[in-house]
Amino acid sequence: DAGVTQSPTHLIKTRGQQVTLRCSPISGHKSVSWYQQVLGQGPQFIFQYYEKEERGRGNFPDRFSARQFPNYSSELNVNALLLGDSALYLCASSLGLVSKQYFGPGTRLTVT
Amino acid sequence: AQSVTQPDIHITVSEGASLELRCNYSYGATPYLFWYVQSPGQGLQLLLKYFSGDTLVQGIKGFEAEFKRSQSSFNLRKPSVHWSDAAEYFCAVGASTTSGTYKYIFGTGTRLKVLA
């Protein structure tokens, strides 16, 4: 079975732009979580979706939004990009809310 | 507020030596506890998790961790380290919120270096 996939792998954007990151969970997994990992730090929880509903939110501004589709894939949107948004964005899928999370390889976002 | 502390930023051990990575958490109830490993350029891999029951948890790659409620700790151990264990290790807490949702909090990580 395929693992968690994320696209794109790398992305370069300019301050003020908007970006959309995509995640496909492992087949059968109904929960997707998003994390931001700044270089040298641990992942910071952004969102968790389960059965297409938001079930968890971290301390991120409203510029960050996400959604989950009927096929359980997910998109993370970030508006009005700031330099500080440069990070590795990780997606994790799981069967349920507190089940084992499987992480994807991440999308490296660079904001210039 | 919930938090996770990994007091050791870097640890260096010789191959074959024992290893203990420290993790302390702050949470009002019993949280879900996890240890992840991240190798350079790779994603996070779950080593082990604690939800309830036996406080000594066995994981993959020969790792184990012990939940100590009185010390709010969940330290990771391995009796004999291999060179391939060199990586960054993250302790994480999964906690429910008053609104019935969940959030996951990661520590800042401990970078392990293994000497041949």
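Now for a quick tour of the structure. (Residues numbered from 1 in each chain as written. Chains lettered and ligands numbered in written order. Predicted model: local features only at pLDDT ≥ 70, side-chain atom pairs only at ≥ 80, totals over all residues. Heavy atoms only, no water.)

1. Observations regarding the interface of chain B and chain A
Each partner contributes residues to the interface: chain B has 16 residues there, and chain A has 20 residues. Our count for the chain B to chain A interface comes out at 0 salt bridges. Here chain B is connected to chain A by 1 residue pair in polar contact (both at pLDDT 80 or more). Every element with two or more residues in the side of chain B that touches chain A is listed here: strand S5 (32-38), strand S6 (44-50) and strand S11 (102-106) of chain B. Take the side of chain B that touches chain A: its biggest share by element is 4 residues, from S11(B). Among the residues making up the side of chain B that touches chain A, the classes are represented as 9 nonpolar, 6 polar and 1 charged. (Contact = heavy atoms within 4.5 Å. Salt bridge = Lys/Arg side-chain N within 4 Å of Asp/Glu carboxyl O. Polar contact = N/O pair within 3.5 Å; in protein donor to acceptor, adjacent residues only side chain to side chain. Helix = DSSP H or I, 4+ residues; strand = E, 2+ residues; numbered from the N terminus. Nonpolar A, V, L, I, M, F, W, Y, C, P; charged D, E, K, R; others polar.)

2. A closer look at the side chain of B:Asn75
All names here are of chain B. Within the secondary structure, Asn75 sits in strand S9 (residues 73-78). For Asn75, a relative accessible area of 15% gives the class buried. Apart from residues lying up to four places away in sequence, Asn75 is in contact with Glu20, Leu21, Arg22, Cys23, Trp35, Glu64, Ala65 and Glu66. (Buried < 20%, exposed > 50% of the residue type's maximum accessible area, 1.4 Å probe, protein only.)

3. Structural notes on the state of the cysteines
For the coordinates displayed, the defined rule picks out 2 disulfides over all chains. The disulfide partner of A:Cys23 is A:Cys91, and the gap between their sulfur atoms is 1.8 Å. A torsion of -60° about the S-S bond marks the disulfide between A:Cys23 and A:Cys91 as left-handed. With A:Cys23 in strand S3 (residues 19-24) and A:Cys91 in strand S9 (residues 87-94), this residue pair connects regions lying 68 residues apart in the sequence. In this model, B:Cys23 is linked to B:Cys91 through a disulfide, with the two sulfur atoms separated by 1.9 Å. Here the S-S torsion is close to -65°, and the disulfide linking B:Cys23 with B:Cys91 is therefore left-handed. Here B:Cys91 lies in strand S10 (residues 87-96) and B:Cys23 lies in the loop between strand S3 (19-21) and strand S4 (24-26), a separation of 68 residues in the sequence. Owing to a relative accessible area of 0%, B:Cys23 belongs among the buried residues under this scheme. A relative accessible area of 0% means that B:Cys91 is categorised as buried. (Disulfide = S-S within 2.5 Å.)

4. Quick word on the packing of aromatic side chains
Tallied over the full model, the rule gives 18 aromatic pairs over all chains. Between the aromatic rings of A:Phe45 and B:Tyr104, the centroid separation amounts to 5.8 Å while the plane-to-plane angle is 70°, which identifies the pairing as edge-to-face. With A:Phe45 in strand S5 (residues 44-50) and B:Tyr104 in strand S11, this residue pair bridges two chains. Neither A:Phe45 nor B:Tyr104 differs from the other in exposure class; each is buried. For the pair B:Phe90 and B:Phe106, a centre-to-centre distance of 6.5 Å together with 75° between the ring planes defines the contact as edge-to-face. Here B:Phe106 lies in strand S11 and B:Phe90 lies in strand S10, a separation of 16 residues in the sequence. Taken individually, B:Phe90 and B:Phe106 each receive the classification buried, so the pair is uniform in this respect. (Phe/Tyr/Trp six-rings, centres within 6.5 Å; stacked < 30°, edge-to-face > 60°.)

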